[in-house]
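This is what each chain is made of:
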Amino acid sequence: MTPVSSTMSSLPGPFPRGPGPRRRPGPRRRPGPRRWPGPGVILPALAATTACFLVLAAVVPWWLAPTDPLAIDPGAAFSSPSLSHWFGTDESGRDLYSRVVHGARPSLLIGAAATALGLGLALVLGLASGLGGRWLDAGIGRLVEVMLALPGLLLALVFIALAGPGVSTTIVAVGLTTAPGYARIIRSQARALRGSAMIESARVLGHHPAKILFRHLLPNALGPVLVLATLGVGQAVIWASALSFLGLGEAPPAPEWGAMLAAGRTYLGSAWWMTFFPGLTIVATAAASTVLGRSLQRRAVGA
Amino acid sequence: MAGQTTSDPTQTRRSSRGAPTAWRPVGVWLARRAASAVFVLWAVATLIFVAIRLIPGDPAEAIMGGPGSQASAEALESARVDYGLDRPVGVQYLTLLGHLATGNLGTSYSLKIPVSEVLAAQLPGTLGLAVGAWILAWVVALGLALYSGLGGRGASAVGSALEIAAASVPHFWLGSVLVLLFSSAWRWLPPVSNGTVAGLVMPIVTLALPLAGFLGQVMRESMVTALNSPFALSARARGESEAGVVLRHALRHAALPGVALSGWALGSLVSGAVVVESIFARPGLGRTLLEAVTLRDVPLVTGVALVSALAYVVVMALSDLAERLIDPRIRGR
């Protein structure tokens, strides 16, 4: 960020500030009575707590759930939630709480990998489209339009139909699904940055295009991309578990949330907890990612 | 001549700039939309065709009963000849394009009947489901936006929390929980779609709620921005009531991003339909697609993809029209 700000401050006259470093978040004076902190604080705090638990479950699941998620106990099959089995047990007597906790790692890894893939692809497409010539922009724009015309799950399903089901297919499929939307956002931001006084002055100063790209454009794009990633992980987890739920992702014995839901589907009428708790965890993950992403976004915009 | 035209200005306007100029932009617009539709359909077909060739696997196996079939070499060979898979790639591609241009979508590998027949049979169910869910999602989202626009800060916070919750709920879980509550516990609604209106309630609600959450978020944000803008202030200064400001001025602004997101909403509905039709055992395009994917029935998958892409192009054109209707600022363009 230093080269950006030094370029800015050395400019004479009142240049409009580009989307460079913004005012620091801190106490701002507000006239009138003190505002109730409200959901502006409560929701992000809840989301951050949820995210901490999820990360803890993904890194050291045995701290939160010492029971083996794959240990079979046929005598205790289909136990409803109780003190010994908080979330109940499944058809083979496996402890569902332990399975949900241990499922955090594969589920979040698939979601994170898919988001990383989608964002990486989008970064290449978006930057090339936003910074390249008119023809490149038009070509990539058409490609993105076609990818958007194959909506969400359909694009993923077409890919699975061609490549066959599996975990790596799920990651690529979900990554492909999310890439075009991200590419549009990144393109418009690259466009805006390209026209900013900061980049213009760097160009007038005779900096090499590669230097401008790596020292000015990419550092400034990093913030928005991180916001997109935070917002996207939750949706990617939903997509990936939807594929497992449909029987096209991770297979049931594995403790992955979507696969657990798929297994619970058969016993929906008799063992509601097999569906309810893994699904609730997915909802919590997605909601936490949305709330955190949006509060990061607000902070980045300075609103 | 010159005197005549200057003496009657209305006549001049009509003769030189009347009907032709009023209709030319419409013609250009239609032509551009049609060209874009043809391009998107061609690109989708081409992308899938190329992807099939890039990814290992023998389509003949899929014809003979899916992956892991025990078909003999001769049977595979005859299937290849039947479906034209033995010919050079270029010929296959041109044949595909020729067939598509005449509306022939090929024969399904698994069902052995024309893809267009399958699509025609499955489309109405999905269409009804999607349109119903779309309407419900708009009603809920606009309701939330109005509620938070009229209800002040507390209402806005509640609306925001509700929207995030709705947008975070996956279709497959929402559907399961609704079945648990309304079919297993209370026995109000049938757990599977049986063709009655009652059987349609849960699928539509399942499909609509997550979409309503997303639409509500953008609509409320736009509504709040509009309510804080100078034109809202001047309307208030003219003595307009707060309800009047919201209904007469801010509502348009709230609806605009929702309309702009129509293409994306369609995607959400199509994706959701795959899951919802699977949960509620409803016949439809989504379930057909899922079965086709499992059996690697490439022509059928391509057919569903083309129908969905066509729907996307049509929806984008309609949303463009709707935007012009709602927003006078862009009408001239």
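Calculation rules
Residues numbered from 1 in each chain as written. Chains lettered and ligands numbered in written order. Predicted model: local features only at pLDDT ≥ 70, side-chain atom pairs only at ≥ 80, totals over all residues. Heavy atoms only, no water. Helix = DSSP H or I, 4+ residues; strand = E, 2+ residues; numbered from the N terminus. Buried < 20%, exposed > 50% of the residue type's maximum accessible area, 1.4 Å probe, protein only. Contact = heavy atoms within 4.5 Å. Areas by Shrake-Rupley, 256 points an atom, 1.4 Å probe, with all protein chains shown as cover. Phe/Tyr/Trp six-rings, centres within 6.5 Å; stacked < 30°, edge-to-face > 60°. Core = buried A, V, L, I, M, F, W, Y, C linked by side-chain atoms within 4.5 Å. Expected span 1.5 Å × (residues − 1). Polar contact = N/O pair within 3.5 Å; in protein donor to acceptor, adjacent residues only side chain to side chain. Salt bridge = Lys/Arg side-chain N within 4 Å of Asp/Glu carboxyl O. Buried area = accessible area lost by both parts, 1.4 Å probe. pLDDT = per-residue confidence, 0-100. Patch = residues over 30% accessible without salt bridge, like charges linked within 9 Å, V, L, I, M, F, W, Y side chains within 5 Å. Bend = angle between axes of the 7 residues up to and from the residue. Axes fitted to C-alpha atoms, helices over the stretch in contact; angles between N-to-C directions. Parallel < 35°, antiparallel > 145°, perpendicular 65-115°, else oblique. Left-handed = near helix turned anticlockwise from the far one by under 90°. Nonpolar A, V, L, I, M, F, W, Y, C, P; charged D, E, K, R; others polar.

Novice: Explain the overall build of chain B to me, using residue names and the numbers behind them.
Specialist: What chain B contains, in helices and strands, is 14 helices and zero strands. Mapped in sequence order, the helices and strands of chain B form the string α-α-α-α-α-α-α-α-α-α-α-α-α-α. Going through the 333 residues of chain B one by one, you find that 43% of them count as buried. Contacts in chain B between residues at least 24 apart in sequence constitute 71% of all its contacts with a sequence separation of at least 6. Accessible surface, chain B: about 16400 Å² in total, of which carbon and sulfur atoms supply 68%.

Novice: Describe in detail the overall build of chain A, supporting the description with residues and values.
Specialist: Counting its regular elements, chain A contains eleven helices and zero strands. In sequence order, chain A lays out its α and β elements as α-α-α-α-α-α-α-α-α-α-α. Looking at chain A residue by residue over its 303 residues, the buried ones come to 47%. By sequence separation, contacts in chain A at least 24 residues apart represent 69% of the contacts at least 6 residues apart.

Novice: Residues and numbers for the packing of aromatic side chains, please.
Specialist: Following the criterion strictly, the structure yields nine aromatic pairs over all chains and no others. For the ring pair phenylalanine 245 of chain A and phenylalanine 172 of chain B, a centre distance of 5.2 Å and an interplane angle of 20° mean the geometry is stacked. Highlighted residues: phenylalanine 245 of chain A in helix H9 (residues 209-245) and phenylalanine 172 of chain B in helix H8 (residues 171-185), drawn from two different chains. For phenylalanine 245 of chain A, a relative accessible area of 2% gives the class buried. Of the residues examined, phenylalanine 172 of chain B reaches a relative accessible area of 1% and is grouped as buried. Site record: aromatic cluster; members linked through ring pairs are Trp272, Trp273, Phe276 and Phe277 of chain A together with Trp173 of chain B.

Novice: Outline the nonpolar core, listing residues and values.
Specialist: Leu157 and Trp257 of chain A together with Val44 and Phe172 of chain B are the most contacted members of the largest nonpolar core, which totals 120 residues. Dropping the residues within four chain positions of it, leucine 157 of chain A is found in contact with Leu243 and Leu248 of chain A together with Val274, Leu289, Leu290 and Val293 of chain B.

Novice: Explain the side chain of threonine 177 of chain A to me, using residue names and the numbers behind them.
Specialist: Note on placement: threonine 177 of chain A falls in helix H7 (residues 167-194). Once residues lying within four places of it in the same chain are set aside, the contact partners of threonine 177 of chain A are Gly152, Leu153, Leu155, Ala156 and Trp239 of chain A.

Novice: Just give me the short version of helix H4 (residues 96-131) of chain A, but keep the residues and values in it.
Specialist: With 36 residues, H4 of chain A extends 50 Å between its outermost C-alpha atoms, agreeing within 8% with the 52 Å of an ideal straight helix rising 1.5 Å per residue. Backbone nitrogen of serine 98 of chain A and a side-chain oxygen of the N-cap are separated by 3.1 Å at the start of H4 of chain A; the cap is aspartate 95 of chain A.

Novice: Requested: an account of the side chain of serine 222 of chain B, with residues and values cited.
Specialist: Residue and element names in this part refer to chain B. Assignment of secondary structure puts serine 222 in helix H9 (residues 198-227). You can call serine 222 buried: its relative accessible area is 18%. In contact with serine 222, other than residues within four places in its own chain, are His253, Ala254 and Pro257.

Novice: Pulling in residues and values, what's your account of the pattern of salt bridges?
Specialist: Evaluation of the coordinates by the stated rule reveals nine salt bridges over all chains. Taking the shortest distance from any N to any O, the salt bridge between glutamate 242 of chain B and arginine 236 of chain B comes out at 2.9 Å. For glutamate 242 of chain B, a relative accessible area of 35% corresponds to the partly exposed category. A salt bridge links glutamate 240 of chain B to arginine 248 of chain B; the nearest nitrogen and oxygen atoms lie 2.3 Å apart. Here the salt bridges do not stand alone but share partners, grouping Asp137, Arg187 and Arg191 of chain A into one network.

Novice: Describe the interface of chain B and chain A, with residues and values.
Specialist: With 47 residues of chain B in contact, the opposing surface of chain A contributes 45 residues. Between chain B and chain A the total buried area reaches about 3900 Å² when both faces are included, carbon and sulfur atoms providing 78% of it. On inspection of chain B and its partner chain A, the count reaches one salt bridge. In this structure, glutamate 221 of chain B engages arginine 294 of chain A in a salt bridge whose closest nitrogen and oxygen atoms are separated by 3.1 Å. Viewed at the interface, chain A and chain B are joined by six residue pairs in polar contact (both at pLDDT 80 or more). When contributions to the side of chain B that touches chain A are tallied by element, the ones reaching two or more residues are helix H3 (19-54), helix H7 (115-168), H8, H9, helix H12 (262-279), helix H13 (285-294) and helix H14 (298-326) of chain B. Tallying contributions element by element places H3 of chain B first for the side of chain B that touches chain A, with eight residues.

Novice: Please set out the confidence of the model for chain B residue by residue, giving values where relevant.
Specialist: Residue and element names in this part refer to chain B. For chain B, the mean per-residue pLDDT works out to 80, and 86% of the residues sit at or above 70. Segment residues 1-19 is flagged for pLDDT under 50; beyond a separation of four residues in sequence, or across chains, it makes four contacts in the model. Here the prediction assigns the complex a pTM of 0.78, and the interface score ipTM is 0.75.

Novice: Please set out a nonpolar patch on the surface residue by residue, giving values where relevant.
Specialist: Residues and elements named next belong to chain B. Side chains of Leu123, Leu127, Val131, Ile135 and Val139 sit close together on the surface and give an oily, nonpolar patch of about 430 Å² of accessible area. By secondary structure assignment, the location of leucine 127 is in helix H7. By relative accessible area, which is 49% here, leucine 127 ends up partly exposed.

Novice: Any details on H7 of chain A? Residues and values, ideally.
Specialist: With 28 residues, H7 of chain A should cover 40 Å at 1.5 Å per step; its first-to-last C-alpha distance of 38 Å lies within 8% of that length. Maximum bend of H7 of chain A: about 35°, positioned at alanine 179 of chain A, with proline proline 180 of chain A one to four residues after it.

Novice: Could you give me a rundown of the packing of H7 of chain B against H9 of chain B, with the residues and numbers involved?
Specialist: The relative placement of two packed helices is expressed as an angle between their axes plus a distance between the axes. Residue and element names in this part refer to chain B. For the pair H7 and H9, interaxial distance at closest approach is 4 Å and the crossing angle is 45°. Between H7 and H9, the angle falls in the class oblique. Along this stretch, H7 crosses H9, giving a crossing that reads as right-handed. For the contact of H7 with H9, the per-class residue count stands at 28 nonpolar, nine polar and two charged.

Novice: Please provide a residue-by-residue account of the confidence of the model for chain A, values included.
Specialist: Residue and element names in this part refer to chain A. Residue-level pLDDT values for chain A average 78, and 85% of them are 70 or greater. Of all the helices and strands in chain A, helix H1 (residues 2-9) carries the lowest mean pLDDT, 36, while H4 carries the highest, 88. Scored below 50 in pLDDT, residues 1-24 shows 28 contacts in the model against residues more than four places distant or in partner chains.

Novice: Give me the lowdown on the packing of H9 of chain B against helix H11 (residues 242-260) of chain B, citing residues and values where you can.
Specialist: All names here are of chain B. At a minimum axis distance of 8 Å, the contact between H9 and H11 shows a crossing angle of 135°. One finds that H9 runs oblique with respect to H11. When you trace H9 past H11, the crossing you get is right-handed. Here Leu215, Val218, Met219, Ser222, Met223, Ala226 and Leu227 of H9 lie close against H11, whose contacting residues are Glu242, Val245, Val246, Ala250, Leu251, His253, Ala254, Pro257 and Gly258. Of the residues assigned to the contact of H9 with H11, the class counts are twelve nonpolar, three polar and one charged.

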